[in-house]
Amino acid sequence: MKNFIITLTLLFIVSLHSQEIHILEKTKELQNKVQISQGKEKLAAYVHLIEYLSLNQPDKALLEIDSILPLARKLDDKNALIKIYLILGECYAEIHKNELASEYFEKGLSLSKKIKDSSKIAESFIKIGKMKIPSGDLDSALNCFDNALKISEKNNDIQNQILAINYLGILNYILDDLQEAEKLSFKGLKLSERNNFLDGIRLANEHLAIIRIKQGKHKEALEFNKKAFDISQKMDYWANYPAVYYNYAVIYNRMGDFDKAIEFMNESGKIRKSYADFRGMGSDLSMLGRIYLAKKDYSNGNL
């Protein structure tokens, strides 16, 4: 186990810097594409840009609202508008501005229903369901995920099926039905792997890590969490690193490796600060305080 932890730490140190460079280079490439394009090509380039930024610099994606929304409306591209609404909703969700996130998700759902796009209807329901969880409205969340699953199964929409199954899994975790949560998460994982759906694989592994933490199976939790981190890297999903780091901190705190737990929380805080996720930073500070208490170090606790 000790060798596994040392290897894991070295991998993080080596990979994070190169990942940052890669993300900056990719962002510049997409921004240049926007600058040289016109009309529908420019809109497509804008959508690609904000979609990429939503994964690693969500605050930067939100700066493009005043440019991309008027262009999509001018071109009367309803499919692009739906995608933009859902991406912007995700960006607000990443920085914990859930009211604004819900507003854009509802706009996406309304327009999806208007043009009868079943895939986007299902996707919108999933995103709205996610927003219901933090507020404790679990019945509404369950209804959203159930609706998404029914629609996606009817239309053989595999990716939305997977996402709905995964979120039903995490909902059962919250309701403390670990057996059902584990069953659904493994089902989502198998479907994701069969269809090479990276986000589904990431999500299922992240959920299984959380389940294993609650079961006290820390070695398995580390393995699932490492897989979730690897997929996040592959997707350039920088904004998801704090969630994975938080899991690591919880695991190492419970294992009594407080210095390692503090290290992960500090890294999480740096990333959250980079895209102005102040509520997330507050959550990290709270966790960091609990680690220092467990360590019986009463003189520290700042990110």
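Residues numbered from 1 in each chain as written. Predicted model: local features only at pLDDT ≥ 70, side-chain atom pairs only at ≥ 80, totals over all residues. Heavy atoms only, no water.

J.: Describe the nonpolar core, with residues and values.
T.: Counting residues in each nonpolar core, the largest one holds 98 residues, and the members touching the most others are Leu43, Leu69, Ile84 and Phe145. Discounting chain neighbours no more than four positions away, the residues touching Ile84 are Leu43, Val47, Ile50, Ile68, Leu69 and Ala72. (Core = buried A, V, L, I, M, F, W, Y, C linked by side-chain atoms within 4.5 Å. Buried < 20%, exposed > 50% of the residue type's maximum accessible area, 1.4 Å probe, protein only. Contact = heavy atoms within 4.5 Å.)

J.: Please set out the side chain of Asn160 residue by residue, giving values where relevant.
T.: Tracing the sequence through the fold places Asn160 in helix 9 (residues 158-174). Engagement of the side chain of Asn160 in a polar contact is seen with the backbone oxygen of Ser119, the distance being 3.0 Å. One polar contact links Asn160 to Asp157, side chain to side chain, over a distance of 2.7 Å. Among residues more than four places away in sequence, those in contact with Asn160 are Ser119, Ala122, Glu123, Ile126 and Ser152. (Helix = DSSP H or I, 4+ residues; strand = E, 2+ residues; numbered from the N terminus. Polar contact = N/O pair within 3.5 Å; in protein donor to acceptor, adjacent residues only side chain to side chain.)

J.: Go over the pattern of salt bridges, please, and point to the residues and values.
T.: In the structure shown here, the tally under the stated rule is 19 salt bridges. Among the salt bridges present, the one from Asp259 reaches Lys295, with a minimum N-O distance of 2.9 Å. Here Lys295 lies in helix 15 (residues 278-295) and Asp259 lies in helix 14 (residues 258-274), a separation of 36 residues in the sequence. The class of Lys295 is partly exposed, set by a relative accessible area of 32%. (Salt bridge = Lys/Arg side-chain N within 4 Å of Asp/Glu carboxyl O.)

J.: Provide a residue-level description of the packing of helix 5 (residues 78-94) against helix 6 (residues 98-115), including the pertinent values.
T.: Between helix 5 and helix 6, whose axes approach to 7 Å, the crossing angle comes to 160 degrees. Relative to helix 6, the element helix 5 is oriented roughly antiparallel. The element helix 5 and its partner helix 6 pack so that their crossing is left-handed. Of the residues in helix 6, those touching helix 5 at Lys78, Asn79, Leu81, Ile82, Tyr85, Leu86, Leu88, Gly89, Glu90, Tyr92 and Ala93 are Asn98, Leu100, Ala101, Tyr104, Phe105, Lys107, Gly108, Leu111, Ser112 and Ile115. Looking at side-chain class alone, the contact of helix 5 with helix 6 contains 13 nonpolar, 5 polar and 3 charged residues. (Axes fitted to C-alpha atoms, helices over the stretch in contact; angles between N-to-C directions. Parallel < 35°, antiparallel > 145°, perpendicular 65-115°, else oblique. Left-handed = near helix turned anticlockwise from the far one by under 90°. Nonpolar A, V, L, I, M, F, W, Y, C, P; charged D, E, K, R; others polar.)

J.: Kindly report on helix 9, identifying the contributing residues and their values.
T.: Between its first and last C-alpha atoms helix 9 spans 25 Å; for 17 residues at 1.5 Å apiece the expected length is 24 Å, and the two agree. Counting buried positions along helix 9 gives 14 out of 17 residues, so the element sits mostly inside the fold. Taken from the residues just after helix 9, Asp176 is the one with a positive phi, measuring 70 degrees. (Expected span 1.5 Å × (residues − 1).)

J.: Describe unusual backbone geometry, listing the residues and the values that go with them.
T.: Residues other than glycine seldom take positive phi values, yet Asp236 does so here, at roughly 60 degrees. By the element assignment, Asp236 lies in the loop between helix 12 (218-234) and helix 13 (241-255). Here Asp236 falls in the buried class, since its relative accessible area comes to 8%. Phi is positive for Lys296, close to 65 degrees, though the residue is something other than glycine.

Without other data, these values stay purely geometric and don't point to any function.
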